[in-house]
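Descriptive analysis of the structure
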Amino acid sequence: MFDFNDLRKKFFDLLDGVDNLKKLEELRIKFFGKNGEIKNLMCEIKNIATENKKEFGSQINNLKSELELKVSEAKKKLHDAEQNIRFESEKIDISLPGKYKKLGKLHVLSMVENEIINIFIQMGFEVVNGFNIEDIEHNFTGLNIDEKHPARDEQDTFYIDKNHVLVTATSPIQIRVMEKRKPPIKIISPGTVYRSDEIDATHTPMFNQVEGLLVDKNISMSDLRGTLDLFAKKLFGSETKTRFRPHYFPFTEPSAEMDVSCFVCKGSGCKVCKNTGFIELLGCGMVHPTVLKNVNIDPDEFSGFAFGMGLERIAMQCFGINDIRLFYENDLRFLEQF
Ligand SMILES: [Zn+2]
């Protein structure tokens, strides 16, 4: 008669060394697989005397059931153990302080731009975007900048080809809009502009402007002054004073520069305002009749005002920044201050 104890002992010896599910599966295949020990044992049955076959068969079945039970017990035990290890490693201590995640935020120039735009939106202006590249007609001719004007010089302007430039101001949008629409026109247009300046603390070849244009019947200099005075008060505070100095621009007549009372010293004089009590904020004027004629708007019927301001300059004054290059260097120590 076959000695089942040898096989049983072999099984238990091997089971002792099993410490993970993979090894257990190998053991299971070794005993219960297609060519496993149990299967081989069953093949032995043909060599057993007929009267012992029944007893032999029943012993195999008993052994098979016993070992199968052991395998399934071991499997459950190992499975639980592996789960526990996983749970342990994934355990969360809810009393720990949260992880600090750095959030991005708007660039200081975008913040200033948004603030300016929002003030004009509240006054009923519509935001219109211009282009980075313009033809000579829209960038210069339409705006009454004649062929001899120094602004057209290659020393000041980036030419793409003979007839196209990187926009030197946000003003070409005025021409674009007036060509397409009839008054009333009330737009505000932020944009990036380009001039071939040498880079220093106050000049960069690329900077940002916000342009405004209002054209309608009976628009006068007092509308310009009222609008821009309200703008300055909303941007710098209700106690802000404005003053207008005569200036020259080819596309406006009369033209002016608007100063605001210094928001640092409130007008008494300090370093920021160079002791004048005022800070230069923007250029403006009544749209030149020639500019209106250029876009087929009758200057006898309509009039308007336009203004433009440099974002960098306003931001530098607002925050006491003394070098324009800081805006573009992406140094977090600078950017995080706003
Ligand atoms: Zn001051």
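Above this note sits the structure.
This write-up is about the structure you can find in this document. (Residues numbered from 1 in each chain as written. Predicted model: local features only at pLDDT ≥ 70, side-chain atom pairs only at ≥ 80, totals over all residues.)

Comments concerning the overall build of the protein chain
Helices and strands together make up the secondary structure of the protein chain, namely 11 helices and 10 strands. Projected onto its principal axes, the C-alpha coordinates of the protein chain cover approximately 130 × 45 × 40 Å. Expressed as a percentage of the 338 residues in the protein chain, the buried residues total 25%. (Helix = DSSP H or I, 4+ residues; strand = E, 2+ residues; numbered from the N terminus. Buried ≥ 20, exposed ≤ 12 C-beta atoms within 10 Å, placed from the backbone.)

As for the sheet that holds strand β5 (residues 185–194)
Spatially, β1-β5-β6-β10-β9-β8-β7 is the arrangement adopted by the seven strands of the open sheet, whose pairing is mixed. Two strands close off the open sheet at either side, each with one partner strand: β1 (126–127) and β7 (242–249). Taken strand by strand, helix α5 (residues 108–122) contacts β1, β5 and β6 (206–216), and its axis lies near 5° from that of β6. Along the sheet, helix α8 (residues 221–236) contacts β7, β8 (252–261), β9 (278–287) and β10 (303–310); its crossing angle with β9, the most-contacted strand, is approximately 150°. (Pairing = 2+ DSSP bridges. Contact = placed C-beta atoms within 7 Å. Axes fitted to C-alpha atoms, helices over the stretch in contact; angles between N-to-C directions.)

Quick word on the environment of V165
Here V165 shows up in strand β4 (residues 164–166). V165 gets classed as buried once you count the C-beta atoms within 10 Å, which come to 24. In this structure the C-alpha to C-alpha distance between V165 and E154, which are 11 residues apart in sequence, comes to 9.8 Å. When residues no more than four places from it in sequence are discounted, the contact partners of V165 are E134, I136, N139, T157, F158, Y159 and I160.

Regarding the sheet that holds β4
Read from one edge of the open sheet, three strands run β2-β4-β3, paired in antiparallel fashion. Lying at the two open borders of the sheet, with one neighbouring strand each, are β2 (133–135) and β3 (159–161). Between one strand axis and the next, the sheet turns by 35° as a mean value, whatever way the strands run. Taken together, the three bridges between β2 and β4 define a ladder with antiparallel strand orientation. Its bridge partner being in β4, D135 is matched across the sheet by H164.

A word on the pairing of β5
Here β5 lies mainly inside the structure; seven of its 10 residues are buried. Where β5 lies against β6, 10 bridges are found, and the strand directions are antiparallel. Note that in β6 the partner of P190 across the bridge is V210.

Examining the nonpolar core
If you look at the biggest cluster of nonpolar residues, it comprises 42 residues, and the most contacted ones within it are V215, L228, L281, C284, F305, A306 and F307. At five residues, the largest contribution of residues to this core is made by α8. In this structure, F305 is in contact with L214, I219, D223, L224, C284, G285, M286 and V287, ignoring residues within four places of it in sequence. (Core = buried A, V, L, I, M, F, W, Y, C linked by C-beta atoms within 7 Å.)

Some remarks on the pairing of β10
For β10, the tally of buried residues reaches eight of eight residues, placing the bulk of the element in the interior. On β10, burial covers both faces: S303, F305, F307 and M309 on one face and G304, A306, G308 and G310 on the other are all buried. Of the strand pairs in this sheet, β9 and β10 are connected by four bridges, and their pairing is antiparallel. Looking at the pairing, C284 lines up with F307 of β10.

Concerning helix α10 (residues 311–319)
Of the residues making up α10, those classed as buried are L311, E312, I314, A315 and M316. Those residues of α10 that are buried are in contact with α5, β6, β9 and β10. One or two residues past the end of α10 sits G320, with phi positive at roughly 65°.

A look at the packing of helix α2 (residues 21–32) against helix α4 (residues 50–90)
When two helices pack together, their arrangement is given by the angle between the helix axes and by the axis-to-axis distance. Running from amino to carboxyl end, α2 crosses α4 at an angle of 165°, the nearest separation of the two axes being 10 Å. By the angle class used here, α2 and α4 are roughly antiparallel. You can see that α2 and α4 cross each other, and the crossing is left-handed. The residues of α4 that touch α2, namely those facing L21, L24, R28 and F31, are L67, V71, A74, K75, L78, H79 and E82. Taken together, the residues of the contact of α2 with α4 break down into seven nonpolar, one polar and three charged. (Parallel < 35°, antiparallel > 145°, perpendicular 65-115°, else oblique. Left-handed = near helix turned anticlockwise from the far one by under 90°. Nonpolar A, V, L, I, M, F, W, Y, C, P; charged D, E, K, R; others polar.)

Some thoughts on helix α7 (residues 172–180)
Every buried residue belonging to α7 is among P172, I173, Q174, I175 and M178, and all of these are buried. Looking at the buried positions of α7, the neighbouring elements they touch are β2, α6 (136–139), β5, β6 and β10.

Regarding the environment of L143
Within the secondary structure layout, L143 lies in the loop between α6 and β3. Taking the number of C-beta atoms within 10 Å as the measure of exposure, L143 has 26 and is therefore buried. Sequence spacing of L143 and I48 is 95 residues, and the spatial spacing of their C-alpha atoms is 114 Å. Once you skip the residues sitting within four places of it in the chain, L143 turns out to touch S171, I175, P250, F251 and V291.

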